[in-house]
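Descriptive analysis of the structure
Take a look at the letters that make up each chain.
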Amino acid sequence: MTTRRSGSGFSDGIAKTKSGRWKLRIMVNGRRVKRTFRTREEVELARDTLQGRAELRSLGISVPDPTAPPTIPAVLDAYSRECVALGKSTAHLRSIVQARGLFVRWRGEAADADVRRKDLVDFVGWGKRATDSKGRTLLNALVILRTALAIAELPVPKLPSIELPARQPKTLKADELGRLLRELPIGTVARTALEIGLHTGLRETEIRRIQVGDVDLKHGVLLIRRN
């Protein structure tokens, strides 16, 4: 195993970044290892451990390979576990599972997490050919991957821009509105809000601002608060 010394600030494979973190860049069995650590003690321990393992392998002693690069599925799994621990919504957890499935279909379970922007452009091109997504699902997967990479303290490439189709507003026919009203019990908040919206044309945010004193039933007046 060799260490890297250059004019880029690395000494014995270690350099301090402007943010105060410590970077490790060394060659292990012909593979370049790049990692970032919080403290100098951590980066030195990692370097010494890698060197010791390489020496054991040179003596014919089998040891686990700690230099295998992290994979996209593993990074997303770690992000999912953190979201579960933090009590994130079920919808968000489902979106992580969906993103993981897309990336596995793209490059398999061993997909390297050391991705560049050109890799993500390739992912988008693949997704538009291999899936029915018009772009939103792919963009959501990219955003989730970016978040997972940042949490794992791995390089986060710039996301490619994706042109998304305009969202079409959901409209209901008169008979559909009638069925919806009949399903909502009289006097409930949902039915009252819906009836106000249908009779006045108010936006949802305006309906939410209505207070008891804003309603004058005697004169049939409703005060609308704009802010």
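The present account deals with the structure reproduced in this document. Nothing here was measured: the structure is a model prediction, and the numbers come from that model.

What counts and what doesn't
- Numbering of residues starts from 1 in each chain and follows the order in which that chain's sequence is written.
- Residue-level local features of this predicted model are given only where pLDDT is at least 70; pairs of side-chain atoms are given and counted only at 80 or more, and the full residue set underlies all totals for whole chains, interfaces and linings.
- To obtain the side-chain values, all non-hydrogen atoms of the structure were included, while hydrogens and water were left out.
- Helix axes are fitted to C-alpha atoms over the stretch in contact, other axes to C-alpha atoms as well, and angles between N-to-C directions run from 0 to 180 degrees.
- Counting from the N terminus, the helices are the DSSP runs of H or I reaching at least four residues and the strands are the DSSP runs of E reaching at least two.
- The labels follow the angle: roughly parallel below 35 degrees, roughly antiparallel above 145, roughly perpendicular from 65 to 115, and oblique for the rest.
- Handedness of each helix crossing follows the sense of rotation of the near helix against the far helix: counterclockwise by less than a right angle gives left-handed, clockwise gives right-handed.
- Throughout, a residue-residue contact means that at least one pair of heavy atoms, one from each residue, lies within 4.5 Å.
- Under the convention adopted here, Pro, Cys and the residues Ala, Val, Leu, Ile, Met, Phe, Trp and Tyr are nonpolar, Asp, Glu, Lys and Arg are charged, and Gly plus all remaining residues are polar.
- Note on ring pairs: Phe, Tyr and Trp rings are taken, using the six-membered ring of Trp, and paired if centres are within 6.5 Å. Classes follow the plane angle, with under 30 degrees stacked, over 60 edge-to-face and the rest tilted.
- A 1.4 Å probe rolled over the protein chains alone gives each residue an accessible area, and that area as a share of the maximum for its type sets the label: buried under 20%, exposed over 50%, partly exposed in between.

Section: the packing of helix H6 (residues 174-183) against helix H7 (residues 189-200)
H7 packs onto H6 with a crossing angle of 150 degrees between their chain directions and a minimal axis gap of 10 Å. Viewed along their axes, H6 and H7 adopt a mutual orientation that is roughly antiparallel. The crossing of H6 and H7 is left-handed. For the pair H6 and H7, contact is made by Leu177, Leu180 and Leu181 and by Arg191, Leu194, Glu195 and Leu198, respectively. Looking at the contact of H6 with H7, its residues break down into 5 nonpolar, no polar and 2 charged.

Focus: the packing of aromatic side chains
Per the stated rule, a full pass over the model turns up 4 aromatic pairs. Their ring planes at 25 degrees and their centres at 4.4 Å tell us that Phe103 and Phe123 sit as a pair that is stacked. Taken together, the positions of Phe103 in helix H3 (residues 90-107) and Phe123 in helix H4 (residues 117-130) put the pair 20 residues apart, joining distant regions of the chain. On the accessibility criterion, Phe103 (0% relative accessible area) is buried. Ring geometry for Trp106 and Phe123: centres 5.4 Å apart, planes at 70 degrees, overall edge-to-face. Of the two residues, Trp106 sits in helix H3 while Phe123 sits in helix H4, which places them 17 residues apart along the sequence.

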